[in-house]
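What follows is each chain in one-letter form.
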Amino acid sequence: MPNRILKESICRSDSIDALTWFEEVLFYRLIVNCDDFGRFDGRPAIIKGSLFPLKDVTVKDIEKSLSRLVEVGLVGAYEAQGRPVLQLLTWEKHQNVRAKKSKYPPCDETCIQMYSSASNSSRNPIQSESKSKSESYSDISSEQTSSEPPEQPVITLVLNTGEEYPIMRKDVLQWMELYPAVDVMQELRAMKGWLIHNPKKRKTARGIGRFVNGWLAKEQDKGGTPGYVQTNNQRAPGASKVEQFAHGAREWANNG
């Protein structure tokens, strides 16, 4: 493994300063363990064993810190060819690339973004390698944080890798429209419990959407959730008070 370069400007990086001590240590240990293209195995259990062989840290610690590194734009996390992969986003700007081929597949148009709650930040943490380096990467010391916090998932579903797959408000809205007789949030809670207690039947990031749709379609075909009636003024979790007020005003005007 070749030596890695750490520049003194990292001490003045806003992105680094936004991290906790453990998140910062995880980032540095990724730098010295990833391959010559800035990529590393994205499975938290592998990261734990490779980066912290002598430390008492948990897989949950790794998952939470990885999500934060993605959120601030230091690391990209994606699934390619059925494998979770990490990409250090400013790698070629700061390191010397000697190898001709990476150990891990690149993120291309077929890859699936992980930790997608970070996708609403000012940067896309998963950059396509078809873009130019000037478009794909920004300097750590000059990274800007979004003025608006990223949207938070309304619920998460555990994957076969142990990672939490975020379900966003827009997803719930879409399912409410497709399956009007089903209490979507209640069924999502049921799915979460089922996946927690059936680890051998958990889905991949690529297959979780099909799993959710299949579950909801089955409930719809059975007649829907007993006692559940979706009304016009019903809102998906996460709707702002402004949205609720505006919707209520429209309902009042239409019915008045």
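Computed from a predicted structure; not experimentally measured.

Next up on the list: the overall build of the protein chain. In terms of regular secondary structure, the protein chain is built from ten helices and six strands. Per-residue burial for the protein chain yields a buried fraction of 41% across its 256 residues. Of the contacts formed within the protein chain by residues at least 6 apart in sequence, a portion of 68% connects residues at least 24 apart.

Turning our eyes to something else, we now look at the pattern of salt bridges. Per the stated rule, a full pass over the model turns up seven salt bridges. With its nearest N and O atoms 3.4 Å apart, the salt bridge here joins Lys 222 to Glu 219. Ionic contacts of the salt-bridge type, sharing partners, join the residues Lys 60, Glu 63, Glu 164 and Lys 192 into one network.

Along an α-helix, residues three or four apart share an orientation, since each turn contains 3.6 residues. Between its terminal C-alpha atoms helix α9 (residues 208-221) stretches 20 Å, which fits the 20 Å expected from 14 residues at 1.5 Å a residue. Against the buried residues of α9 lie β5 (155-158), β6 (164-167), α7 (169-178) and α8 (184-197). With its phi angle positive at about 110°, Gly 223 sits one or two positions after the end of α9.

This part is about the packing of helix α2 (residues 21-33) against helix α3 (residues 44-51). At a closest axis distance of 11 Å, the pairing of α2 and α3 adopts a crossing angle of 80°. For the element pair α2 / α3, the angle class is roughly perpendicular. Taking contact as the criterion, the partners of Leu 26, Arg 29, Leu 30 and Asn 33 in α2 are, on α3, Ile 47, Ser 50 and Leu 51. Counted by class, the contact of α2 with α3 contains four nonpolar, two polar and one charged residues.

What follows deals with helix α4 (residues 59-71). Compared with an ideal rise of 1.5 Å per residue, which puts 13 residues at 18 Å, α4 spans 18 Å between its outermost C-alpha atoms and is within 8% of the ideal. Listed as buried for α4 are Ile 62, Glu 63, Ser 65, Leu 66, Leu 69 and Val 70. Two residues or fewer past α4, Gly 73 is found with a positive phi of approximately 90°.

Our next topic: the packing of aromatic side chains. Counting across every chain of the model gives five aromatic pairs. Centroid distance Phe 27 to Tyr 28: 6.1 Å. Interplanar angle 45°. Geometry classified as tilted. Residue Phe 27 is classed as buried on the basis of its relative accessible area of 3%. Judged by centre distance (6.4 Å) and plane angle (75°), the rings of Trp 194 and Trp 215 are edge-to-face. A residue pair is termed long-range when its members are at least 10 positions apart, and Trp 194 in helix α8 and Trp 215 in helix α9 qualify at 21 residues. Here the aromatic residues Trp 194, Phe 211 and Trp 215 are joined through ring pairs into a cluster of three or more.

The next point concerns the nonpolar core. One finds Leu 26, Phe 27, Leu 30, Ile 47, Leu 69 and Leu 74 to be the most contacted residues of the largest nonpolar core, which totals 23 residues. Apart from residues no more than four positions distant in its own chain, Leu 26 is found in contact with Ile 47, Leu 51, Phe 52, Ile 62, Ser 65, Leu 66 and Leu 69. Judged by nonpolar contacts, the second largest core, of 20 residues, contains Trp 175, Val 182, Met 185 and Leu 195.

What counts as what
Starting afresh in each chain, residues are numbered from 1 along the sequence in its written order. Two thresholds apply to this predicted model, a pLDDT of at least 70 for residue-level local features and 80 or more for giving and counting side-chain atom pairs, whereas whole-chain, interface and lining totals are computed over all residues. Calculation of side-chain values draws on the structure's entire complement of heavy atoms; hydrogens and water are dropped beforehand. Strands here are runs of E lasting at least two residues and helices are runs of H or I lasting at least four, both read from the DSSP assignment and numbered beginning at the N terminus. Buried residues are those whose accessible area, probed at 1.4 Å on protein chains only, stays under 20% of the maximum for their type, while exposed residues exceed 50% and partly exposed ones sit between those limits. Note on contacts: a residue pair qualifies if any of its non-hydrogen atoms lie within 4.5 Å across the two residues. Any carboxyl oxygen of Asp or Glu that lies within 4 Å of a side-chain nitrogen of Lys or Arg is treated as forming a salt bridge with it. To estimate the expected span of a helix, subtract one from its residue number and multiply by 1.5 Å. Fitted lines through C-alpha atoms serve as axes, helices being fitted only where they are in contact, and the angles separating the N-to-C directions of these axes extend from 0 to 180 degrees. Roughly parallel means an angle under 35 degrees; roughly antiparallel means over 145; roughly perpendicular covers 65 to 115; every other angle is labelled oblique. Put simply, Ala, Val, Leu, Ile, Met, Phe, Trp, Tyr, Cys and Pro go in the nonpolar bin, Asp, Glu, Lys and Arg in the charged bin, and everything else, Gly too, in the polar bin. Pairing of aromatic side chains here covers Phe, Tyr and the six-membered ring of Trp, requires ring centres within 6.5 Å, and sorts the geometry by plane angle: under 30 degrees stacked, over 60 edge-to-face, intermediate tilted. Joining through side-chain atoms within 4.5 Å is the link that ties buried Ala, Val, Leu, Ile, Met, Phe, Trp, Tyr and Cys residues into a set, and such a set is a nonpolar core.

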